[in-house]
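Close look at the chain arrangement
Take a look at the letters that make up each chain.
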Amino acid sequence: MIGKTIPFDAASIRNDFPILKEEVRGKRLVYLDSAGSAQKPKQVIDAVKHVYEAEYSNVHRGLHYMSEQTSARYEEARLKVARFINAEFEQEIIFTKGTTESINLVANSFGIKNLGPEDEIVLTWAEHHSNIIPWQLLRDQVGCKINVVPVDDDGVIRLEEFERLISKKTKIVAFCHVSNVLGTVLPVKEVTKIAHAHGAVVVIDGAQGVVHMPVDVQDLGVDFYAFGGHKVYGPSGIGVLYGKRDLLNVMPPYQGGGGMINTVTFDKTTWADLPDKFEAGTPPIAQAIGLGAAIDYMNNIGLNKIAEYEVDLLEYATQRLSGIEGLNFIGTAPGKVSVLSFTMDCAHPHDIATIIDQNGVAVRAGHHCAQPLMERFDIPSATRASFGLYNTREDVDILATSLEKVKEIFK
Ligand code: PMP
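What you see is a predicted model, and the numbers here were worked out from it, not measured in a lab. In this numbering scheme, every chain counts its residues from 1 along its sequence in written order. For a predicted model such as this one, the threshold for reporting local features is a pLDDT of at least 70, and the threshold for listing and counting side-chain atom pairs is 80 or more; totals across whole chains, interfaces and linings nevertheless cover every residue. Excluding hydrogens and water, the side-chain values take into account all heavy atoms of the structure.

Below, the discussion takes up the site of the ligand. Lining the immediate environment of the ligand, one finds Gly-98, Thr-99, Thr-100, His-128, Ser-130, Asn-180, Asp-205, Ala-207, Gln-208, His-230 and Lys-231. Here Thr-100 contributes a side-chain N or O atom positioned 2.5 Å from an oxygen atom of the ligand. We call two N or O atoms a polar contact when they sit within 3.5 Å, provided that within protein one can donate a hydrogen and the other can accept it, with sequence-adjacent residues counted only if both atoms are side-chain atoms. Here a nitrogen atom of the ligand sits 2.8 Å away from a polar atom, N or O, in the side chain of Lys-231. Calculation on the ligand without its partners gives an accessible area of 400 Å², and the protein chains cover 87% of this total. For each structure, a 1 Å grid was placed over the protein atoms alone; sets of points admitting a 1.4 Å probe that cannot get out are labelled cavities, open sets with protein on both sides within 12 Å along at least five of seven lines are labelled pockets, and lining residues have an atom within 4 Å of a point. Throughout, a molecule is located in a cavity or pocket provided that more than half of its atoms lie within 2 Å of its grid points. According to the grid-proximity analysis, the pocket containing the ligand is the largest pocket. Asp, Glu, Lys and Arg are counted as charged, while Ala, Val, Leu, Ile, Met, Phe, Trp, Tyr, Cys and Pro are counted as nonpolar; the rest, among them Gly, fall into the polar class. Within the shell around the ligand, the residues separate by chemical class into one nonpolar, eight polar and two charged. By convention in this text, a residue qualifies as near a molecule or strand provided that one of its non-hydrogen atoms is within 4 Å of it. Areas reported as accessible are Shrake-Rupley estimates using a 1.4 Å probe. Residue values count occlusion only from the protein chains shown.

Here you go:
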């Protein structure tokens, strides 16, 4: 046995996830693609089902019973999210359709209003395309400049490099909490202090952060924090943008439509208060309520307990895969979480994924929507195994023996 034994009831947790009982090509499903999208516990599936079976209507519109019920559940979900990340006010939680839309909202609203040709944005080389392209689109509209913080060979992103690139010209510093390829945890609190000292706002892509560790946005001090429901065991089609109330209050709407107005005439329209100003149209109602159920599910297990279990599992997996000759890890930063990306000398990442899929092992292969990072490590693509709270050492063992088989095939 490698590592310490942790009292964490993985068997009963696995029982909560109906899909894990499915067989793939007659084999046990070994799901190692949670960083792509996590599976859903029956508590979440039931919550969504309940909405459609018993409590469904549009929100905030009708004066009838069903609409009141649905609206109450939808707002309860907002409160759960606010508590989950310790936002000071519920109105600081904007529901979107995912991390991607949350970041686009900031770029299109805050960005268009506040940036011009003299201004700069700081990103890192470790970003997902979702945290690169919205800023490029902004740059193309307002003429600002983008500076990129480098990543070292271990996948560490150094504070000194942020210090070097953040200046009085910087208006936005946007980076991931956790890299979806490297698993590196970035120094959010420290970078935020540097950014604020220069008058810049901080936007965190928390898609891979919030699922692996407790997040306290007030303690981190960040201005915006974005994440999606589907990676925290909740439904797809729902995302969150946390923003500080004072900033959101003075930002223009991102989209126009029903639900986000106070008064409308053909001459002039006035906006609704937060959070409605940023939630035009019918929102993802059942999905938001499902996200609330996912948060309850994680809280009931305990966020620290989940984090501790996953760290132990990652340690075990790292040691297990280190024993495979010709396997090279991408991302070995100290304190990394959740993902193991690698290449193998003997086979292409896509071939590896296709071959081990025959054994029921689901991993991701490709550029992981991080083409600049692939370029940085001089690889066209990588294979990635990523872990969730339902994975076990048995999953890791099956992964390792399947990779040994790949070596045999290409011998
Ligand atoms: N950022 C990171 C780091 C991600 O891993 C992902 C999902 N692969 C995204 C952004 C996009 O998230 P969403 O699917 O919620 O838009």
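Turning next to the domain arrangement of the protein. Bring the parts together and some accessible area is lost; that lost area is often taken as the interface size. Segmentation into domains, and thus their bounds, comes from an automatic or database assignment. By domain assignment, the protein separates into domain 1 (10-37 + 302-409) and domain 2 (45-300). Each of domain 1 and domain 2 has a C-alpha centre, and these two points are 28 Å apart. Note on definitions: a residue-residue contact is assigned when non-hydrogen atoms from the two residues lie within 4.5 Å. At the interface, 41 residues of domain 1 touch 34 residues of domain 2. Once two parts are put together, the accessible area they lose, assessed with a 1.4 Å probe and summed over both, is termed the buried area. Counting the surface lost from both domain 1 and domain 2, the interface buries some 2,900 Å², and carbon and sulfur atoms represent 59% of this. Summed over the three residues of domain 1 that lose the most area to domain 2, namely Leu-303, Leu-373 and Arg-376, the buried surface amounts to 20% of that side. Any Lys or Arg side-chain nitrogen located within 4 Å of an Asp or Glu carboxyl oxygen qualifies as a salt bridge. In this structure, the connection of domain 1 to domain 2 is made through one salt bridge. For Asp-153, the salt bridge goes to Arg-376, with nearest N and O atoms at 2.7 Å.

Ring geometry is summarised as follows: Phe, Tyr and Trp rings, the Trp one being its six-membered ring, pair when their centres sit within 6.5 Å, and such pairs are stacked at plane angles under 30 degrees, edge-to-face over 60 and tilted between the two. This structure, assessed with the given rule, holds 11 aromatic pairs. Ring geometry for Phe-110 and Phe-224: centres 6.0 Å apart, planes at 65°, overall edge-to-face. Taken together, the residues Phe-110 in helix H4 (residues 99-114) and Phe-224 in strand S9 (residues 224-228) connect sequence positions 114 residues apart. The exposure classification of Phe-110 matches that of Phe-224, with both residues buried. Ring plane angle 80° and centroid distance 5.8 Å describe the contact between Tyr-233 and Tyr-390, whose orientation is recorded as edge-to-face. You can see Tyr-233 sitting in the loop between S9 and strand S10 (239-243) and its partner Tyr-390 sitting in the loop between strand S17 (382-386) and helix H14 (393-409), a full 157 residues away along the chain. For each residue, the accessible area found with a 1.4 Å probe, counting protein chains only, is set against the maximum for its type, and the residue is called buried under 20%, exposed over 50%, and partly exposed in between. Tyr-233 gets classed as buried once you look at its relative accessible area, which sits at 1%. Its relative accessible area of 0% is what places Tyr-390 among the buried residues. Here the aromatic cluster, defined as three or more aromatic residues joined through ring pairs, consists of Phe-17, Tyr-233, Tyr-297 and Tyr-390. Helix numbers and strand numbers start at the N terminus; a helix is a DSSP run of H or I with at least 4 residues, a strand a run of E with at least 2.

Let us look at the sheet that holds strand S4 (residues 93-96). The strand order S4-S10-S9-S8-S7-S5-S6 describes an open sheet built from seven strands, whose pairing is mixed. Since the sheet does not close on itself, it has two edges, and those belong to S4 and strand S6 (145-149), each with one partner. Each neighbouring strand pair of the sheet contributes to a mean axis angle of 20°, computed without reference to strand direction. A pair of strands is labelled paired if DSSP reports no fewer than 2 bridges between them. Note: S9 against S10, five bridges, orientation antiparallel. By the bridge assignment, Phe-224 is partnered in S10 with Gly-243. Inter-axis angles, ranging from 0 to 180 degrees, are taken between N-to-C directions of lines fitted to C-alpha atoms, where helices are fitted over the stretch in contact. Helix-sheet contacts for H4 involve S4, strand S7 (170-176), strand S8 (201-205), S9 and S10, and the interaxial angle to S9 is about 150°.

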